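Spelled out from the first residue to the last, the chains are:
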Amino acid sequence: MSFNWRSTWSIYQRELLRFLRTAFQSILSPVLTTSLYFIVFGAAIGGRMPDLGGVDYAAFIIPGLLMLTLLGETTSNSSFGIYMPRFTGTIYELLSAPVGVAETLVGFVGAAATKSLILAAIILATATLFVDYSIAHPVWAVIYIMLVAAAFSLFGFILGVWADNFEKLGIIPMLILTPLTFLGGTFYSIEMLPSPWDKIALANPIVYLVNGLRWTFYGSSDVSFGVSLGITLGFLTVCTIIIAVIFRTGWRLRN
Amino acid sequence: MEPILELDGLSKTYPGGLKALDAVDLTVHKGEIFALLGPNGAGKTTLIGAVCGLVRPTGGTMRAFGHDLSTDWRRARARIGLVPQELATDMFEPVIRAVSYSRGLFGLPPDKARIEEILRALSLWDKCDERIMALSGGMKRRVLIAKALAHEPDLLFLDEPTAGVDVELRRDMWKLIGAMRERGVTIILTTHYIEEAEEMADRVGVIRKGRLLMVDDKAAMMARLGRTEALIDLDQPLAELPAALAGFPVHLERDGHQLCYRGGDGSGKGKAEVAALVKALVSAGIGFVGIDIHESSLEDIFVDLVAEQGA
Ligand SMILES: Nc1ncnc2c1ncn2[C@@H]1O[C@H](COP(=O)(O)OP(=O)(O)OP(=O)(O)O)[C@@H](O)[C@H]1O
Ligand SMILES: [Mg+2]
């Protein structure tokens, strides 16, 4: 099978341009939200919290906050990226072009992941305004953020193909993703939970994502980094397979 | 003649059970302009969609440029352009970027000069930095055409290129289509207007309820299907047709207040006959106060055609 790099590049470039067109709102709103979290949880409440695993509370929540924004923004960026063309009919062009699942995915998901990286960088820069922190494993941090961004771009892509109205587009992020992220150990270490909640929390996949990123920052976390990495890669693989099936069958894309 | 597109038993049944295409056999040759005529819901857009990969056929085979479209679609699609019926494009994008994107999407290297040439040919060059939403409806349609031409297709589908555009743009469009034919592009277009088929097409196919009822040379088709209708308002109602009008395909309507002519062959015979009819009226001393003459609509023709098929 041949891979059409020019097509991929065109899709990627166009999606990024679309992002830049709305750069103000796509960047301002996460920056504002993150700042509010820092003010409320970092400064106001954090002062009364003990250090967690030797990390100052305000610094402790950075990886979790980053993950919170990353998951939400990546999913919504990516799902809108494919839902809007379906909704407005502009998808005809993509479907009639000599591009297959690989080009489409690398283009769309690559762009969504790039946006997420830009966002992550901005959030980390914002964080330095509120708290001193350092990153123990910067290379792993970047790799891990990229993996999570790619996985949730794929996930968002599936949502965007599955949804046949705006309500459905918002429902999974709102009803599943947001609660799981809030309960995912952003604001606490699961060791702080009373039994049996500490065990139940381990059933929440987001816990592994937040802790994976926390390990890259501070070298310690509630679960081992290998497990976090494995879960992220597993999720990535499952999403890729689902999308390949969607394209093969034309489900919701072709009549 | 080299076949460009070969459809063999192409069928499409939508999930609801609606049969939009029913075993369509069609061969379109290199360099020709083929017009697909049919009323609303006939299956024209579905047929185009099937070839372009928007609709999954439920039966039959399709070949374009000799490539089987179900397996070798990449090579075939790179040479096919599509202008959709609906105005669907990112309205926030500037014209030139939208057109350059289309070229890239189809895997061609950027070529500023080529894009400029296409935009100029469509009188869009002075609008190239405008956002598409700031353009008029006709201009937006031109942008869609420019997008479809950006990858220099050898086979171009135009799904109702002139629906809802003014006369001037329609003429421009015809000119453009003529120019593309000069360059050797094969064109398949759909239309409701028989006049349009008459103006441009080499061959015409009539589709209704998913079935290709006939495919014929334009001239032969026009002679067969074209009709002229003339309505003559009489100043005095007639009880019955006067003998002077015997031999004309006419009848009375509205209680004898109106004389109705229906005939001709779509190639000028009707107009001549109406002129003769008017002379006959004058010499018979039958007064009239108004004449309305027009070529019959495609819908009328379909009624006849389907009645014929049913018989
Ligand atoms: N996605 C769909 N699902 C179900 N039925 C469909 C779908 N798209 C089209 N149809 C039906 O298939 C038939 C053919 O539609 P199609 O759009 O091909 O007609 P058309 O000849 O292009 O009509 P028009 O002149 O109005 O554009 C119609 O009865 C239509 O309702
Ligand atoms: Mg149509």
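Note: the structure precedes this text.
Note that the structure is a prediction, hence the values are computed from the model and not measured.

Colleague: Which parts of the structure should I look at to understand the coordination of the magnesium ion (ligand 2)?
Modeller: Reference values for angles at a metal are 109.5 degrees in the four-donor tetrahedral case and 90 or 180 degrees in the six-donor octahedral case. Residue and element names in this part refer to chain B. The magnesium ion (ligand 2) binds to the protein through T45 (OG1) and Q85 (OE1); the donor distances cover 1.8 to 2.2 Å. Linking T45 in helix 1 (residues 44-52) with Q85 in the loop between strand 6 (80-83) and helix 3 (95-105), this pair joins segments that are 40 residues apart in sequence. Of the residues examined, T45 reaches a relative accessible area of 39% and is grouped as partly exposed. Assessed through its relative accessible area of 28%, Q85 is described here as partly exposed.

Colleague: It is not clear to me how the interface of chain A and chain B should be interpreted in this structure. Could you clarify?
Modeller: By a widely used convention, the size of an interface equals the accessible area lost when the partners come together. In this complex, chain A contributes 28 residues to the contact, which on the side of chain B involves 29 residues. Carbon and sulfur atoms make up 54% of the area that chain A and chain B hide from each other, which totals about 2600 Å². Contact with chain B buries area across many residues of chain A, yet R14(A), Y92(A) and N255(A) alone supply 26% of it, more than any other trio. Along the contact surface separating chain A from chain B lie four salt bridges.

Colleague: Could you clarify how one ought to interpret the packing of aromatic side chains in this entry?
Modeller: The geometry of two aromatic rings is summed up by the distance between their centres and the angle between their planes. Counting across every chain of the model gives 23 aromatic pairs over all chains. Note on F182(A) and F187(A): the rings are 6.2 Å apart at their centroids and 35° apart in plane angle, and the pair reads as tilted. For the ring pair F217(A) and Y218(A), a centre distance of 5.8 Å and an interplane angle of 70° mean the geometry is edge-to-face. Taking the relative accessible area as the measure of exposure, Y218(A) reaches 18% and is therefore buried. Aromatic rings pair up to connect Y37(A), F41(A), F182(A) and F187(A) into one cluster. Across from the ring centre of Y101(B), 3.8 Å away, lies the NZ or CZ of R14(A), which sits over that ring. Cation over ring: R214(A) sits above F60(A), and NZ or CZ is 3.6 Å from the ring centre.

Colleague: Would you mind going over the sheet that holds strand 13 (residues 258-263) of chain B with me for this structure?
Modeller: Paired through backbone hydrogen bonds, the strands of a sheet run either parallel or antiparallel to each other. All names here are of chain B. Overall, antiparallel pairing links the four strands, which are arranged 12-13-11-14 in an open sheet. With one partner strand each, in any of the chains shown, strand 12 (250-253) and strand 14 (288-295) form the two edges of the open sheet. Averaged over all neighbouring strand pairs, the angle between strand axes comes to 20°, with direction disregarded. Sheet topology places strand 11 (residues 228-234) next to strand 14; seven bridges connect them, and they run antiparallel. Bridging from a neighbouring strand, L231 pairs with D292 of strand 14.

Reading the values: rules and limits
- Residues numbered from 1 in each chain as written.
- Chains lettered and ligands numbered in written order.
- Predicted model: local features only at pLDDT ≥ 70, side-chain atom pairs only at ≥ 80, totals over all residues.
- Heavy atoms only, no water.
- Donors = N, O, S within 2.8 Å, 3.2 Å for Na, K, Ca; no water.
- Helix = DSSP H or I, 4+ residues; strand = E, 2+ residues; numbered from the N terminus.
- Buried < 20%, exposed > 50% of the residue type's maximum accessible area, 1.4 Å probe, protein only.
- Contact = heavy atoms within 4.5 Å.
- Buried area = accessible area lost by both parts, 1.4 Å probe.
- Salt bridge = Lys/Arg side-chain N within 4 Å of Asp/Glu carboxyl O.
- Phe/Tyr/Trp six-rings, centres within 6.5 Å; stacked < 30°, edge-to-face > 60°.
- Lys NZ or Arg CZ within 6 Å of the ring centre and 35° of its normal.
- Pairing = 2+ DSSP bridges.
- Axes fitted to C-alpha atoms, helices over the stretch in contact; angles between N-to-C directions.

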